[in-house]
Amino acid sequence: MKKIIIYASLLISVPVLPLTMTSCEDIDEVPPMKDHSTGKSYKLPDPVVMDAADIADYESIKDEYDLSTSL
């Protein structure tokens, strides 16, 4: 019985291992760094002014959240 479990785990792990090792791309989730005279820091995104449609979307999402979290 032990040999069957070992063979089954090898049979499953051999094709799965290459898939797991190559499935993820090299994604850089850290924002870009910029150098200053005082050291390095992360570059913040440039601010964007919201228009009326964006504000309405934000308010509707906020209201929905407030209703679902209030007891």
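Now for a description of the structure that goes with this document. On a predicted model such as this, the values are computed, not experimentally measured, just so you know.

About the criteria used
Residues numbered from 1 in each chain as written. Predicted model: local features only at pLDDT ≥ 70, side-chain atom pairs only at ≥ 80, totals over all residues. Heavy atoms only, no water. Patch = residues over 30% accessible without salt bridge, like charges linked within 9 Å, V, L, I, M, F, W, Y side chains within 5 Å. Areas by Shrake-Rupley, 256 points an atom, 1.4 Å probe, with all protein chains shown as cover. Salt bridge = Lys/Arg side-chain N within 4 Å of Asp/Glu carboxyl O. Helix = DSSP H or I, 4+ residues; strand = E, 2+ residues; numbered from the N terminus. Buried < 20%, exposed > 50% of the residue type's maximum accessible area, 1.4 Å probe, protein only. Expected span 1.5 Å × (residues − 1). Bend = angle between axes of the 7 residues up to and from the residue. Contact = heavy atoms within 4.5 Å. Polar contact = N/O pair within 3.5 Å; in protein donor to acceptor, adjacent residues only side chain to side chain.

### A few points about a nonpolar patch on the surface
Argument step 1. Among the surface-exposed residues, Ile6, Tyr7, Leu10 and Val14 lie close enough to one another that they form a single nonpolar patch of about 430 Å² accessible area.
Argument step 2. Structurally, the position occupied by Val14 is in helix H1 (residues 2–22).
Argument step 3. Relative accessible area serves as the criterion here: at 55%, Val14 is assigned to the exposed category.

### A short note on the environment of Asp63
Argument step 1. Following the sequence through the fold, Asp63 ends up in helix H2 (residues 52–69).
Argument step 2. In this structure Asp63 comes out as partly exposed when scored by relative accessible area, which is 41%.
Argument step 3. Taking the C-alpha atoms as reference points, Asp63 and Lys3, separated by 60 residues in sequence, lie 59 Å from one another.

### Concerning H1
Argument step 1. With 21 residues, H1 extends 31 Å between its outermost C-alpha atoms, agreeing within 8% with the 30 Å of an ideal straight helix rising 1.5 Å per residue.
Argument step 2. Its maximal kink placed at Val16, H1 deviates by approximately 30°, while the proline Pro18 follows within four residues.
Argument step 3. Among the 21 residues of H1, zero are classified as buried, and the element is accordingly described as predominantly exposed.

### Concerning the pattern of salt bridges
Argument step 1. Within this structure, the stated rule accounts for one salt bridge.
Argument step 2. Between Lys62 and Asp66 there is a salt bridge, with the nearest N and O atoms lying 3.6 Å from each other. Of the two residues, Lys62 and Asp66 both sit in helix H2, four residues apart, roughly one turn of that helix.

### Here we look at the environment of Lys34
Argument step 1. Within the secondary structure layout, Lys34 lies in strand E1 (residues 33–35).
Argument step 2. Separated by 10 residues in sequence, Lys34 and Leu44 place their C-alpha atoms 9.7 Å apart.
Argument step 3. Non-local contacts of Lys34, meaning those with residues more than four positions away in its chain, are made with Gly39, Lys40, Ser41 and Lys43.

### What to know about the environment of Ser13
Argument step 1. Tracing the backbone through its elements, the reader meets Ser13 in helix H1.
Argument step 2. A residue is classified by how much of its surface remains accessible, and Ser13, at 35% relative accessible area, is partly exposed.
Argument step 3. Spatially, the C-alpha atoms of Ser13 and Tyr65 are 43 Å apart, while their sequence positions differ by 52 residues.
Argument step 4. Polar side-chain contacts of Ser13 include one of 3.4 Å to the backbone oxygen of Leu10.

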